Amino acid sequence: MAADSIGDAVRTRRAKGLQFAFALTAAVVLLRSLPVTSGLPVFSLIENFAYDFYFQHRPVRDMSRFVIIAIDEESLLPEHLGRFPWPRSAYAALLPRLAQADAVGVDLLFSEPSPEDAALAKAMQRHGRVVLAAHKRRVEKGAIAWQGYGQHDVGRIPVAHSEEEFVPPVPLLAKAAAGIGYVDIVPDRDGIYRRVKPLEVGNGGYLYPHFSCELARLVTKTAPALLASSAAQGNLTIGPRKVPLSQGRMLINYAGPVETVTYLPFWKVLAGQYGPETFRNKIVLIGPTAAGLYDIRPAPFARNNRVFFGVETNANIAATLLSGEVLRDFRGSTVWALYALLVGMLTACAIWNSRDALAAVLGVMTVAFLALPAFFVGVALLHQVVPYGGIVLAAVLPMAVALYERLGAEKREVTRQFATYVSPDVLHELAENPELVRVGQRREVTILFSDVRGSTTIVENMEPDVWIAQLNEYLSEMSDAIFAYDGYLDKFMGDGIMVLWNAFGNQPDHAQLATKSALQMLERLRHLNEQWEHVEGRVPLRIGIGLHTGEVVVGNVGSNRRAQYTAIGDSVNTASRLEALTKDFSAEVLLSETTAAAVEQSLQLVELGEARLKGREKPLKVYKPHGYQGETKGCITQEHK
């Protein structure tokens with residue numbers, strides 16, 4: 001009887017476990033299927049990861065039809081076109097060199113009039129295939145800045161009622177353009193751009209095309225009315241192809257990481273270094289790529305911290321539309337929901353209806369062969385983006401719960417063996433969380449603070465755009481000096497900078513690296529000031545730098561939405577206050593006694609005395625470097641001079 005009772009108990013436990021697994025699977029599938037809960041972070045995190053993983057490892061696709069004329073750092077040099085924005089005569093002079101292009105998209109906003117508009121408009125009319133950019137902006141209530149394609153039957157096209165309107169270029173340029181499209185695009189919740197609305201209905205029921213959609217329409221000579229009517233039915237007609245839309249959106253089928261499209265510097269094209277045949281039958285996009293122009297659209301590629309330029313994003317959108325190779329969004333598909341339910345139930349059956357020795361193996365195999373490949377099979381073979389988060393969780397959660405229950409004997413054995421050796425709290429922690437994660441660490445670092453002296457007065461006496469342009473040049477050079485010596489650029493604080501060395505525990509010579517970087521910052525600034533003497537509107541800058549070596553706590557600090565790896569502690573405050581004391585000691589760089597002790601064998605120092613800092617009981621000896629101009633390792637300014 002005892003054996004029968006045990007057998008009955010085991011069968012009962014398995015039956016209840018299987019029922020719970022089925023219920024858990026059904027709950028996951030239901031949550032993923034309901035519109036209210038389908039966007040839960042637990043689902044989108046998995047699906048976005050799979051989407052990004054696919055694009056990162058897929059072979060790069062051909063984008064030879066597209067060329068980007070880049071407004072890059074090289075073009076911004078004084079010997080070329082100088083600081084941005086440029087006179088519109090530059091674009092007017094550029095267009096004749098692109099006469100053989102199928103279309104030219106100018107990914108810039110010309111919403112304010114200029115004396116050179118007439119010349120640019122004339123050049124655009126001669127070319128005949130130029131698309132300009134529009135953007136959303138708050139306008140006077142009741143005003144209609146641009147009517148797009150006019151009023152159409154919108155059907156399934158998204159309607160966006162807001163206090164903002166799509167504002168086109170100035171009328172003279174708008175009239176000369178072959179097309180106008182908005183460049184606004186909304187990222188996913190994680191800040192990555194994966195989807196776009198080719199068409200959108202704005203206030204007043206007017207239909208507006210996206211910039212890339214208008215480029216594709218112009219190239220294929222598709223009538224706006226056909227574009228509108230097809231999109232209203234859920235399939236966008238571009239030339240001979242139909243592009244399926246999901247709630248008016250489409251997934252961007254990226255060809256590859258940044259610079260998959262050919263980039264040509266604006267100034268070189270303008271100077272005639274590329275012949276007209278370079279652009280024959282090409283789709284040319286003109287847009288900013290220089291640091292500080294802020295046209296960054298993070299894409300699903302982890303390389304370079306997901307940096308991706310907006311102009312290349314638009315090229316990929318246009319390429320997706322023209323190729324017709326759209327990844328259809330099947331995340332709301334009933335068929336895939338049933339597949340998720342089936343996989344989850346098969347996983348549960350494989351675990352609960354097998355022997356203990358096989359339970360884990362069968363469960364993992366079911367997940368590995370039926371759940372995990374689903375996304376990549378759907379994308380690669382069916383061109384469908386599936387509800388991958390629901391499929392994976394519908395299988396993994398029942399597997400995890402079942403294995404936890406079936407392998408509970410191991411947990412009980414651990415409890416039995418260690419019950420007399422540790423406290424109840426520690427025992428519970430060992431049983432529930434065997435792997436402990438350090439959320440922060442104490443570490444000795446060297447901290448650098450720098451700030452521009454008298455910046456408030458400078459800002460008051462300069463035009464905002466002029467000051468911002470100069471500040472961007474300054475910060476770019478300072479960043480290069482920091483990166484030349486492997487510093488961790490913690491943050492910009494207006495014109496101030498905070499940098500850490502040994503933030504990750506891999507720099508035993510962190511004080512020397514920090515000091516050399518500080519000296520190179522001064523050297524670069526000296527070269528910058530020499531250059532600025534010949535640039536109208538620029539003013540010379542002076543900075544103060546404080547360096548301190550001490551113990552801090554490093555780790556990710558912030559909220560659930562945004563966090564930053566940084567340092568906190570008294571040493572951070574000390575470095576900041578040392579920077580502020582550079583004025584009092586008439587020194588460009590101040591080193592604390594701890595930093596000085598670490599570098600005194602390799603650098604001549606001058607002791608300046610003691611400083612009493614707020615929050616510290618003992619005064620701190622401070623030093624400055626003497627007779628050292630600073631290395632020019634990796635110094636871009638020096639190379640340009």
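Residues numbered from 1 in each chain as written. Predicted model: local features only at pLDDT ≥ 70, side-chain atom pairs only at ≥ 80, totals over all residues. Heavy atoms only, no water.

Colleague: A description of helix H17 (residues 464-484) should follow, citing residues and the corresponding values.
Modeller: Between its terminal C-alpha atoms H17 stretches 30 Å, which fits the 30 Å expected from 21 residues at 1.5 Å a residue. Positive backbone phi, approximately 60 degrees, marks Asp 486, located one or two places after H17. (Helix = DSSP H or I, 4+ residues; strand = E, 2+ residues; numbered from the N terminus. Expected span 1.5 Å × (residues − 1).)

Colleague: Break down helix H19 (residues 570-581) for me, citing the residues and quoting the values.
Modeller: Across its twelve residues, H19 extends 17 Å between first and last C-alpha, which sits within 8% of the 16 Å expected from 1.5 Å per residue. Regarding H19, the residues found buried are Ser 571, Val 572, Thr 574, Ala 575, Leu 578, Glu 579 and Leu 581. (Buried < 20%, exposed > 50% of the residue type's maximum accessible area, 1.4 Å probe, protein only.)

Colleague: So, a nonpolar patch on the surface: which residues are in play, and what are the values?
Modeller: Taken together, the side chains of Leu 342, Leu 346, Val 361, Leu 362, Met 365, Phe 369 and Leu 370 define a hydrophobic patch exposed on the protein surface, amounting to about 620 Å² of accessible area. When contributions to the nonpolar patch are tallied by element, the ones reaching two or more residues are helix H10 (334-352) and helix H11 (356-371). Among the elements that take part in the nonpolar patch, H11 stands out by supplying five residues, more than any other. In this fold, Val 361 is placed in helix H11. Assessed through its relative accessible area of 43%, Val 361 is described here as partly exposed. (Patch = residues over 30% accessible without salt bridge, like charges linked within 9 Å, V, L, I, M, F, W, Y side chains within 5 Å. Areas by Shrake-Rupley, 256 points an atom, 1.4 Å probe, with all protein chains shown as cover. Salt bridge = Lys/Arg side-chain N within 4 Å of Asp/Glu carboxyl O.)

Colleague: Go over the pattern of salt bridges, please, and point to the residues and values.
Modeller: Note that side chains of opposite charge can pair when their charged atoms are close. The full count for this structure, using the stated rule, is 18 salt bridges. Between Arg 194 and Asp 52 there is a salt bridge; the shortest N-O distance is 2.9 Å. Residue Arg 194 is located in the loop between strand E5 (179-182) and strand E6 (195-196), and its partner Asp 52 is located in helix H2 (residues 41-57); the two are separated by 142 residues in the primary sequence. On the basis of relative accessible area, Arg 194 is assigned to the buried category, the value being 1%. Under the relative-accessibility criterion, Asp 52 is labelled buried at 4%. Between Asp 188 and Arg 194 there is a salt bridge whose closest N-O contact spans 2.9 Å. Considered together, Asp 188 and Arg 194 belong to a single accessibility category, that of buried residues.

Colleague: Summarise the side chain of Ser 333; cite the residues concerned and give the values.
Modeller: As for its placement among the helices and strands, Ser 333 is situated in the loop between strand E14 (328-329) and H10. Of the polar contacts made by the side chain of Ser 333, one reaches the backbone nitrogen of Val 335; its length is 3.2 Å. (Polar contact = N/O pair within 3.5 Å; in protein donor to acceptor, adjacent residues only side chain to side chain.)

Colleague: Hey, could you go over unusual backbone geometry for me, with residue numbers and the actual values?
Modeller: Cis geometry marks the peptide bond from Phe 84 to Pro 85, where omega comes out at 5 degrees. By the secondary structure assignment, Pro 85 is in the loop between strand E1 (66-71) and helix H3 (89-94). Even without being a glycine, Lys 221 presents a positive backbone phi close to 55 degrees. When you line up the elements, Lys 221 lands in the loop between helix H6 (211-220) and helix H7 (224-232). In this structure, Asp 486 is a non-glycine residue whose phi angle is positive, near 60 degrees. As for its placement among the helices and strands, Asp 486 is situated in the loop between H17 and strand E17 (488-493).

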